[in-house]
Every structure is written in C-alpha cells, then in structure tokens.
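# Descriptive analysis of the structure
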Amino acid sequence: KAAKTLGGEVDLRARLDPIGGAVVSNELERLERELFEADWAAAREVHGDAVRLEHLARTGPQRHADALILMATRSAHLPADATPARVLVTVLVDLDTFTTALRYARGEAAAAQVSSSRPRRTTPAERAEDRVCELSDGTVLTPGQVAAWLADADVERIVFGPGSRVVDVAIRTRCFTGATRRAVEVRDRHCTFPGCRVPAERCHVDHIVEYSDGGLTVQDNGRLLCPAHNRQRLGRSSPPADGP
C-alpha cells in the first residue's frame, strides 16, 4: 500500500511471501548496485584513488529510493504483452520435501498426508533434522510456498557429497561461471569474510590461490567474497569501507 504522509511524501508498505519478497528484494538490490557503481565511477573521475563514500552524489537511502523509482519506471515502459524476464531465486530443498511440494502444486496435498491406525517407523528422509526447504539466505519455507512457483521454475539438480562438497568439473578458465559458480554460491551462501553476511547473488567468486599463481577455477579453489572484501585482497586497490 502506498500512503501519503502529511509532508506529501509517499510511504510504501507491503508484505510479501518469502519467495515473492526475494524476487523484489534481489531486483531492488541489483539496481542499487548499478546506481552505486555509477556514483562511484563519477566520484572517481573527480577524486581519483582518494575517492571515499562521502564523495558520492547520493547516500545509501537515496540510492534505495531511486532504485525503487527506476524499477517502477522500467515496468511502466514495458508493453502489456511483453515476455517477463526470468528471475533467479535459489531454493534449497531435499528430494522428499520437493515431492511434497509437487503434490501441493497438483492439488494433492491431502493425498500426501498418510493416516494409519498403526504407528509407523520414521525413515531418515522423514526426520525434521534431515529435511531442508529454504532460500539461500536461510529463510525457511513450507512446501506450499514453493509449490506456487513450480509451474514457472527451472529445477537445478546439485548433488552434495561428504563435507557438503559439490562435485564439479575442473576447467582452466579465468572466471567462475555456469555450474562451477553455482556450486560455490550454493555451498557458501554469503561472503566468507568473517562477520560479513552479504548474500551470494551480490558476491564475486574469488580464487583462494590466485589464478595468476596457477590456481584452478574449480569449486575447491573458489569462495564467495563481496565486492568490498574481494578488492581488499593484497595487491588490489583499496575499496570503500562498505557497499551500497
């Protein structure tokens, strides 16, 4: 709901389900990063390597508001019959819970609830501690919340081995892309710098052993670092103290 304040400003209030909220939040954060990079580049033209956050034309809250306006403006310019862009929302779910979500999507939720007069031994796959259904940031979902999105979803199968290791193929390339990047994102979930919780979609995949030193572009040599902490590595130009 958009409500006008006494001063004529507009206060936006909305409550979204976890997945819908992730779609909106991810796009809003993407646009904020876009604006932050533009502000940083403009300030760097003036101040060079001495650029600091206080040199930027906008504050964080101002970029947040401008990103929201930009999102609405781009939406307004799309024709009604335009094909919506596909969004990426990572949901980690075990096979048994995913099967339950499919039953919800097909309207078979009642069939998934098996009743019996005799107690039945719980299998490992049915124990709560062995079940997972959550966003990449740890937000817990129900199968019913996932079911509403399954009709338009792409399913990505990633198999974890011992130690939460995702099996991937070693390729000698400079950048982490495709399945190798996704494996690191799903494994780390956020920036691996101590105390930093910047989510995976806002991070770079950094080589632990530098590529220039012979480090391979494989899962075991990759880790998530947010742009600020990635640029703080030895030999790289000093980044701002924080991001957008």
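Our structure's up above, just so we're on the same page.
To start, this report covers the structure provided alongside it. The model shown is predicted, which means the values in this text are computed figures rather than measured ones.

## Quick word on the overall build of the chain
When its secondary structure is counted, the chain shows six helices and six strands. Counted from the first residue to the last, the chain has its helices and strands arranged as β-β-α-α-β-α-β-α-α-β-β-α. Among the 244 residues that make up the chain, the fraction classed as buried is 28%. Contacts spanning at least 24 positions in sequence make up 64% of the contacts within the chain whose residues lie at least 6 apart. Approximately 16,400 Å² of the chain is accessible, and the part contributed by carbon and sulfur atoms is 55%.

## Details of the layout of surface pockets
The calculated volume of the second largest pocket comes to roughly 970 Å³. Taken together, 35 residues line the second largest pocket, and the ones lying closest to its centre are Val23, Asn26, Glu27, Val87 and Leu88. No other element matches the eleven residues that helix 1 (residues 18–47) contributes to the lining of the second largest pocket. Its residues placed into classes, the lining of the second largest pocket shows 16 nonpolar, eight polar and eleven charged.

## Examining the nonpolar core
Among the nonpolar cores identified, the biggest contains twelve residues, and these are Phe176, Val184, Cys191, Cys196, Val198, Ala200, Cys203, Val205, Leu224, Leu225, Cys226 and Ala228. Those residues in contact with Ala200 that sit more than four places away from it in its chain are Arg181, Glu185, Arg189, His190 and Leu224. Membership of the second largest hydrophobic core comes to nine residues, among which are Ile19, Ala22, Ala101 and Cys133.

About the cut-offs
Think of each chain on its own: its residues are numbered from 1, step by step along the sequence as written. Side-chain atom pairs in this predicted model are given and counted only at pLDDT of 80 or more, local residue features only at pLDDT of at least 70, and totals for whole chains, interfaces and linings cover all residues. By convention in this description, side-chain values take in all heavy atoms of the structure and omit both hydrogens and water. Helix numbering and strand numbering both begin at the N terminus, where a helix is a DSSP run of H or I of at least 4 residues and a strand a DSSP run of E of at least 2. Only protein chains enter the calculation, and the probe is 1.4 Å; a residue is then buried if its accessible area is under 20% of its type maximum, exposed if over 50%, and partly exposed in between. Pairs of residues are marked as contacts when any of their non-hydrogen atoms sit within 4.5 Å. For the area figures, the Shrake-Rupley method with a 1.4 Å probe applies, and any residue is considered shielded solely by the protein chains shown. Here a cavity denotes a set of grid points, spaced 1 Å apart and computed over the protein atoms alone, in which a 1.4 Å probe fits but from which it cannot get out, and a pocket denotes an open set meeting protein on both sides within 12 Å along at least five of seven lines; residues with an atom within 4 Å of a point are reported as lining. Grid points are joined across faces, edges and corners, and a volume is the space filled by probe spheres set on the points. Residue type decides the class: Asp, Glu, Lys and Arg count as charged, Ala, Val, Leu, Ile, Met, Phe, Trp, Tyr, Cys and Pro as nonpolar, and the leftover types, Gly among them, as polar. We define the nonpolar core as a collection of buried residues of types Ala, Val, Leu, Ile, Met, Phe, Trp, Tyr and Cys that are connected through side-chain atoms lying within 4.5 Å of one another.

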